[in-house]
Amino acid sequence: MSDPESGSRATIAALLRAARAQLAERSDSAALDAEVLLAAALGKPRSFLYAWPDHEPTTSVRARFEDALTARSSGTPVAYTLGVKEFFGIDLAVDPSVLIPRPDTETLVECAIERIPPDAVVVDLGTGSGAVAVVLARERPDCRMMATDRSFQALRVAQGNGRHHACRVNWLCADWTAALAAQSVDALVSNPPYVAEGDPHLAALAAEPASALVSGPDGLDAIRAIIGDAGRVLRPGGLLLLEHGWDQAEAVRALLSDAGFEAVESVMDLNGHERVSVGQRAVGALR
Ligand code: GLN
């Protein structure tokens, strides 16, 4: 970072001003990013910045802040620099092997908390950071929670989050439903990759694992794979809850109905987009 107005004091206020200017082009939350990163470099809460705008951070704090700004300017999300992201009221460790949990996914979690029957066996498919599995394990301790991911690195992050929050989750390194026995599950929950290849939106997400984001020409490959095998692993009457793109609800409902799911419906996120679709495996269906 260039020295804030050479000759002037490198106070918190001056450092933030320079950082905001540096990040303005890269981030649409430049002011917030600058504050969060400076607070982290200082090892203080953000309120410290407002209380002590004239404080001059030490050179080692400034060096840490400059490194964080350089990373942010070159596209590293704040969550990867901090190593942590808040989701559903808890802090989760994240690193570049996992998708950063999004507020959108809170819709999936709320839906699952409400709809999953008591004492269910629940599996989170493609758990990534473990966000969905850890929150469900905390909110629904009556259930038996399992989670799969084909990335061993992601599972290590997830397992660490489970341990940190004292959750009981069985973590399985496997592709979607591959490790699950026939008719062994009461509810499948997943936030799979669902962005279409070549979607311009991906440019802004380049730091995150493509395997957690991109899923074939229409973004529906993973969802098709999950729906295709869900009938095998779910018990009759079992639930499938899927997060998907804001414009994919109709297609996902059709896939669910075509696969014999009943009571198919979609649920809106806080932005008013149909973000989660749900289906129930027919009771008595043989497949
Ligand atoms: N909601 C994410 C985004 O578009 C995508 C997450 C996903 O593919 N599961 O930023």
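Preceding this paragraph is the structure being described.
None of the values given here were measured: they were computed from a predicted structure.

Caption draft 1: Geometry of the site of the ligand. Close to the ligand lie R102, D104, N191, P192, P193, Y194, V195, H201, L205, A212 and L213, which account for all nearby residues. A distance of 3.3 Å separates an oxygen atom of the ligand from a polar side-chain atom of R102. Contacts to the ligand include N191, whose side-chain N or O atom sits 2.8 Å from a nitrogen atom. Here the ligand loses 92% of its free accessible area of 300 Å² to cover by the protein chains. Judged by the fraction of its atoms near the pocket grid, the ligand is located in the largest pocket. Taken together, the residues of the shell around the ligand sort by class into seven nonpolar, two polar and two charged.

Caption draft 2: Structural view of the layout of surface pockets. Of the pockets and cavities examined, the largest pocket occupies roughly 1200 Å³. If you go around the largest pocket, you meet 44 residues; those closest to its centre are R102, H201, A204, L205 and E208. Broken down by secondary-structure element, the contributors of at least two residues to the lining of the largest pocket are helix 2 (30-42), helix 5 (78-82) and helix 6 (104-115). For the lining of the largest pocket, a count of residues per class yields 22 nonpolar, eight polar and 14 charged.

Caption draft 3: Region of the structure containing the sheet that holds strand 9 (residues 274-281). Strand order in the open sheet formed by seven strands is 5-4-3-6-7-9-8, and the pairing between neighbours is mixed. Strands with a single pairing partner mark the edges of an open sheet, and in this sheet they are strand 5 (169-173) and strand 8 (261-268). On average, adjacent strands in this sheet sit at an angle of 15° to one another, irrespective of strand direction. Of the pairings in the sheet, the one linking strand 6 (residues 185-190) to strand 7 (residues 234-243) comprises five bridges and is parallel in character. Paired with V189 across the strands is L241, a residue of strand 7. Those strands touched by helix 6 are strand 6, strand 7, strand 8 and strand 9, and its axis lies near 160° from that of strand 7. Lying over the sheet, helix 9 (residues 221-233) contacts strand 3 (121-125), strand 6, strand 7, strand 8 and strand 9, oriented at roughly 160° with respect to strand 7.

Caption draft 4: Expanded view of the pattern of salt bridges. Taken as a whole and judged by the stated rule, the model has 14 salt bridges. Taking the shortest distance from any N to any O, the salt bridge between D218 and R224 comes out at 2.9 Å. As a salt-bridge pair, D229 and R232 come within 2.9 Å of each other at their nearest N and O atoms. Taken together, the positions of D229 and R232, both in helix 9 and three residues apart, correspond to about one turn of that helix. A relative accessible area of 19% means that D229 is categorised as buried. Residue class for R232 comes out partly exposed when judged on its relative accessible area of 31%. Each of D104, D269 and R275 takes part in salt bridges that share partners, so that together they form one network.

Caption draft 5: Layout of the pairing of strand 8. Relative to strand 9, strand 8 is paired through six bridges, and the arrangement is antiparallel. When the sheet's bridge partners are listed, F261 is paired in strand 9 with R281. Taking the residues that link successive antiparallel strands as the turn, the strand 8-strand 9 hairpin has five residues, and the phi of G272 there is positive, at about 80°.

Caption draft 6: Examining the packing of aromatic side chains more closely. This model, assessed by the stated rule, comprises two aromatic pairs. On the basis of an interplanar angle of 45° and a centroid distance of 6.3 Å, the ring pair of F87 and F88 is categorised as tilted.

What counts and how
- Residues numbered from 1 in each chain as written.
- Predicted model: local features only at pLDDT ≥ 70, side-chain atom pairs only at ≥ 80, totals over all residues.
- Heavy atoms only, no water.
- Near = heavy atom within 4 Å.
- Polar contact = N/O pair within 3.5 Å; in protein donor to acceptor, adjacent residues only side chain to side chain.
- Areas by Shrake-Rupley, 256 points an atom, 1.4 Å probe, with all protein chains shown as cover.
- 1 Å grid on protein atoms, 1.4 Å probe; cavity = no way out; pocket = protein on both sides within 12 Å on 5 of 7 lines; lining within 4 Å.
- Sits in = over half its atoms within 2 Å of the grid points.
- Nonpolar A, V, L, I, M, F, W, Y, C, P; charged D, E, K, R; others polar.
- Points joined across faces, edges and corners; volume = space filled by probe spheres on them.
- Helix = DSSP H or I, 4+ residues; strand = E, 2+ residues; numbered from the N terminus.
- Pairing = 2+ DSSP bridges.
- Axes fitted to C-alpha atoms, helices over the stretch in contact; angles between N-to-C directions.
- Contact = heavy atoms within 4.5 Å.
- Salt bridge = Lys/Arg side-chain N within 4 Å of Asp/Glu carboxyl O.
- Buried < 20%, exposed > 50% of the residue type's maximum accessible area, 1.4 Å probe, protein only.
- Phe/Tyr/Trp six-rings, centres within 6.5 Å; stacked < 30°, edge-to-face > 60°.

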